[in-house]
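Secondary and tertiary structure notes
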Amino acid sequence: MTIFESAFRKRVSGLKSPSSAEYSQSLWDSAYANVHPTLDDTNLYQSAKWIAAEFAFAREVFKSPSFGPLSPEWATILAIASLNREYLTAIQLRDEKANEIKKTQSVSFDAHLEIRIEGPGGQHFTIDDYVESATDLTESWLFDAFKASGPNPPPQELSVYAVEAGVSYSFRKAMNSLWNQVWHEGWYCELSPDSSFNWKPADPSARVLNQTWLKRQQRNLLNYAHIDSTVWPALTPSERKKRSRQWAVTSVRRVSGKVKIKVSSPSYISRKLPIYTIEKGAIEYSYLYEFFDTEMPKQKGVTAAKLLSAWHLLVDIANGLKQGVALPTTLSPEQARMLALEVPAAALCKAIEDGLNVDSATSAAIIDFLTFEIKTGKNQKGHRGLWSAPLVRVPQCNDYVLPLPALMTSNPLRKMEAWLEKGGIDDSNPITARGERYEASYRKKIKESVAANKKFSSASFAEHGVKKTKNFSEQIDLLVSFGGLCLVGEIKLFLMPADPSERARYDKKLEAAALQTKRKLEILKTRPDVTAATLGISAGNAEKLRYLPIVVTAQDYGFSTKVRDVLIVEAGFLEMFLSGNEIVVGRTMQRGGRRAANHEIEYYRNELEAADRFEEEASSPYVLKRILERYSWGRTPFPSLAHANVTLAVPIYKDGSDL
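Residues numbered from 1 in each chain as written. Predicted model: local features only at pLDDT ≥ 70, side-chain atom pairs only at ≥ 80, totals over all residues. Heavy atoms only, no water.

**A look at the overall build of the chain**
A tally of helices and strands in the chain yields 23 helices and 20 strands. In terms of C-alpha radius of gyration, the chain reaches 27 Å, essentially the compact-globule figure of 26 Å for 659 residues. Seen through its principal axes, the chain has C-alpha atoms that stretch 85 × 75 × 55 Å. Relative to all contacts within the chain whose residues are 6 or more apart in sequence, the contacts with residues 24 or more apart total 69%. When the accessible surface of the chain is summed, it comes to about 30,000 Å², and 51% of that surface belongs to carbon and sulfur atoms. Charged side chains in the chain number 84 positive and 77 negative. The centres of these two groups are separated by 3 Å. (Helix = DSSP H or I, 4+ residues; strand = E, 2+ residues; numbered from the N terminus. Rg over C-alpha atoms; globule rule 2.2 N^0.38 Å. Contact = heavy atoms within 4.5 Å. Areas by Shrake-Rupley, 256 points an atom, 1.4 Å probe, with all protein chains shown as cover. Lys, Arg positive; Asp, Glu negative; His and termini not counted. Charge placed at Lys NZ, Arg CZ, Asp CG, Glu CD.)

**A word on the sheet that holds strand β9 (residues 392-393)**
With respect to topology, 3 strands assemble into an open sheet ordered β8-β10-β9, the strand pairing being antiparallel. Both outer strands of the open sheet, β8 (343-344) and β9, are each paired with one neighbouring strand and no more. (Pairing = 2+ DSSP bridges.)

**With respect to the packing of helix α4 (residues 72-102) against helix α6 (residues 127-145)**
A pair of packed helices is captured by two measures, namely the crossing angle of their axes and the spacing between those axes. At a closest axis distance of 9 Å, the pairing of α4 and α6 adopts a crossing angle of 175°. With respect to each other, α4 and α6 are oriented roughly antiparallel. Taken together, the residues that form the contact of α4 with α6 break down as 16 nonpolar, 4 polar and 2 charged. (Axes fitted to C-alpha atoms, helices over the stretch in contact; angles between N-to-C directions. Parallel < 35°, antiparallel > 145°, perpendicular 65-115°, else oblique. Nonpolar A, V, L, I, M, F, W, Y, C, P; charged D, E, K, R; others polar.)

**A word on the packing of helix α21 (residues 571-579) against helix α22 (residues 607-619)**
Contact geometry of α21 with α22 gives a least axis separation of 12 Å together with a crossing angle of 155°. It follows that α21 is roughly antiparallel to α22 by the angle criterion. Once α21 is placed against α22, the crossing between them reads as right-handed. Across the interface between the two elements, Phe 573, Leu 574 and Phe 577 of α21 pack against Ala 610, Phe 614, Glu 617 and Ala 618 of α22. (Left-handed = near helix turned anticlockwise from the far one by under 90°.)

**What about the packing of aromatic side chains?**
Here the distance between the centres and the angle between the planes together describe a pair of aromatic rings. One pass over the full model with this rule turns up 31 aromatic pairs. With centroids separated by 6.1 Å and ring planes inclined at 75°, the aromatic side chains of Phe 8 and Trp 28 adopt a geometry described as edge-to-face. With Phe 8 in helix α1 (residues 7-12) and Trp 28 in helix α2 (residues 25-33), this residue pair connects regions lying 20 residues apart in the sequence. As far as the burial class goes, Phe 8 and Trp 28 line up, both buried. Between Phe 146 and Phe 372 the ring centres are 6.4 Å apart and the planes differ by 55°, which places this aromatic pair in the tilted class. Here the residue Phe 146 occupies a position in the loop between α6 and α7 (159-185), and Phe 372 occupies one in the loop between α14 (360-369) and β9, the gap between them amounting to 226 residues. Under the relative-accessibility criterion, Phe 146 is labelled partly exposed at 30%. An aromatic cluster of at least three residues, connected via ring pairs, comprises Phe 456, Phe 482, Phe 559, Phe 573, Phe 577, Tyr 603, Tyr 604 and Phe 614. A cation over a ring is seen here: Lys 415 above Trp 311, with NZ or CZ 3.8 Å from the ring centre. Directly above the aromatic system of Phe 369 lies the positively charged group of Lys 422, at a separation of 4.7 Å from the ring centroid. (Phe/Tyr/Trp six-rings, centres within 6.5 Å; stacked < 30°, edge-to-face > 60°. Buried < 20%, exposed > 50% of the residue type's maximum accessible area, 1.4 Å probe, protein only. Lys NZ or Arg CZ within 6 Å of the ring centre and 35° of its normal.)

**What to know about unusual backbone geometry**
The linkage connecting Ser 64 with the following residue, Pro 65, adopts the cis geometry, with an omega of 0°. With an omega of 0°, the peptide bond running from Asn 152 to Pro 153 counts as cis. Looking at where Pro 153 falls in the secondary structure, it is placed in the loop between α6 and α7. With a phi close to 55°, Tyr 268 is a non-glycine residue in the positive phi region. Position of Tyr 268 among the secondary structure elements: in the loop between β7 (258-264) and α10 (275-284). Owing to a relative accessible area of 11%, Tyr 268 belongs among the buried residues under this scheme. Within the chain, Asn 357 stands out as a residue other than glycine whose phi angle is a positive 55°. Relative to the helices and strands, Asn 357 resides in the loop between α13 (345-356) and α14.

**A closer look at the sheet that holds strand β4 (residues 188-191)**
Taken together, 4 strands build an open sheet; the order of strands is β4-β5-β20-β19 and the sheet is mixed. Of all strands in the sheet, those bounded by a partner on one side alone are β4 and β19 (631-637). Strand-to-strand twist across the sheet, computed as the mean angle between neighbouring axes with direction ignored, equals 35°. Of the pairings in the sheet, the one linking β4 to strand β5 (residues 197-200) comprises 4 bridges and is antiparallel in character. Pairing of Leu 191 across the sheet is with Phe 197, part of β5.

**What to know about the nonpolar core**
Counting residues in hydrophobic clusters, the biggest one holds 140 residues, and the most contacted among them are Trp 419, Phe 482, Phe 573, Leu 574 and Phe 614. With residues up to four places along the chain from it excluded, the contact list for Phe 482 reads Phe 456, Ala 459, Leu 487, Phe 577, Leu 578, Glu 607, Ala 610, Ala 611 and Phe 614. Tyr 23, Tyr 32, Ala 48 and Phe 62 belong to the second largest nonpolar core, which has 32 residues in total. (Core = buried A, V, L, I, M, F, W, Y, C linked by side-chain atoms within 4.5 Å.)

**A few points about the pattern of salt bridges**
For the coordinates displayed, the defined rule picks out 33 salt bridges. Here Lys 173 makes a salt bridge to Asp 136, at a shortest N to O gap of 3.3 Å. Within this pair, whereas Lys 173 is found in helix α7, its partner Asp 136 is found in helix α6, the two being separated by 37 residues in sequence. In this structure, Lys 415 engages Glu 279 in a salt bridge whose closest nitrogen and oxygen atoms are separated by 2.8 Å. With Lys 415 in helix α16 (residues 412-423) and Glu 279 in helix α10, this residue pair connects regions lying 136 residues apart in the sequence. (Salt bridge = Lys/Arg side-chain N within 4 Å of Asp/Glu carboxyl O.)

**Considerations on α7**
The terminal C-alpha atoms of α7, which comprises 27 residues, lie 38 Å apart, in line with the 39 Å expected from a rise of 1.5 Å per residue. Just past α7, the residue Gly 186 takes up positive phi, approximately 75°. (Expected span 1.5 Å × (residues − 1).)

**Details of the side chain of Arg 245**
The residue Arg 245 is located in the loop between α9 (237-243) and β6 (248-255) in this model. Looking at Arg 245, its side chain comes within polar contact range of the side chain of Asp 316, at 2.9 Å. Once residues lying within four places of it in the same chain are set aside, the contact partners of Arg 245 are Pro 266, Tyr 268, Tyr 276, Ser 309, His 312, Leu 313 and Asp 316. (Polar contact = N/O pair within 3.5 Å; in protein donor to acceptor, adjacent residues only side chain to side chain.)

**Things to note about the state of the cysteines**
Counting across every chain of the model gives 0 disulfides. Residue Cys 397 stays outside any disulfide, its sulfur separated by 16 Å from that of Cys 349, the closest cysteine. For Cys 397, a relative accessible area of 26% translates into the label partly exposed. (Disulfide = S-S within 2.5 Å.)

Quick look at the structure:
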């Protein structure tokens, strides 16, 4: 949503935020007193005051550092041990609930991902909610751990420090997230008649639409896996091997305090599709595949393909190390090492050498590339924290620990994007510029879709877009006509933003792209000869075309909305629509089994109908509506120290197995 830049917001934008120890209520009071505040201004002012009170209380309650008198080594081990313990517990609770549900009803894939579990404070959340929050707060813990000054050896009982630190960092993460929602999306606190505090979004529909885009993105990532999963069970082990990894970690043992790792060829006996194959398939199905085997300019011998293979060797090692590891209520140093999945650097390096068939120097380079570092500057390219670099080096010793949530759930496209940026494959490098290569690759897909569409009879497509020449001052990425409609578009390699501040930046990027499209279209309208020449049609037919400006984005953010009267269209949707094929819009797991049923729709029967229906379908696509309509609003308890009875509005996804 767009936040109006009022006089009050401009005054306070340079002041310390409520999370800061230097926050000054008097300065905020003065800024508020010297304007004619809008309702949004009042909500912002009151919210800042409320959150500042919480942070002030927290500074009195929580010790510093939160993890007690621990050394950098043990504060780091405890951070990852605590994260892994809570993750494994959450997965266990989710699976138990899922098994109960499946006894009585069919469950859609979407609904399975949205099963909500309850925390000790009564909060309810999905695994994705937990993983995102817990992994991000662990990075704050590690930031403090690397600067810790406690002595070695550690106390023999660590659980009390784990609990205190967990509560402290969780509280800080929750409040920082809330403030970002207040500042960027207008969330506000409403005082109910029963004196409870209820936090809610300024625009609930915008919040649900954003969740819908996220859910659509998840489904797009699994499209290739859905196709491949129907084939996998029928393949022989040797055929499966060709579609997956040649080598994997097949055994991990702890022997006399050492970790023994065996790398060999997997058997591929299981009918279950391997996670590596799913993630590689998602990349193959995406705009990133063209760069999969490209060597990183900043790191000789390293490619995204090698990094993905190394990542899954780490997954193998983590899965091996966690076998038989208990989830104790007390925590000794030895138990903490076990839960943190500690592995010696030498064993790790050898496993990557063997698993990737590379020399020791390349193995060391890959380990360094995947090692977590504290972000030191705003413009540190490719930094996505644990999500793209899950190896955590233990200070003061030559070991690493493995954070399970990041390893198991990191989005394959986002981590590969981060790797490319970190390795120097971005638009600042003309040799490896992604934007232009993506545009060319996407136009090729659209050309193939239009050519293969048997429902089209007179459609035309500009294979190279509209090129800038002496006689035409603009370059246009996309030009396609069918049934009298001409789509004029900019193709943008935009990803799905992960938080409110990213969404605010993306809103500005979408607006700039929309204005760019409108400007180019207005010029093109005056030059039907350019349209005719580019599309290979007569000037008379070019003059009769009805033009529609669009911005085509690689992922879903903005899809179906209009920005400055320009329609935002997901790249996958446009390719799908122009192909003329029946569309798989959902998949439901059958009750009591593993079989799944597809749900399909047909968008149009002929070219004229496609032209008539495109704008309506792209503005209210069924692929979004089927998700959007399943959301309703609920409330969950929210952690607070300075206020009692606080709740937070949450969008809750309901099952849609009846599609």
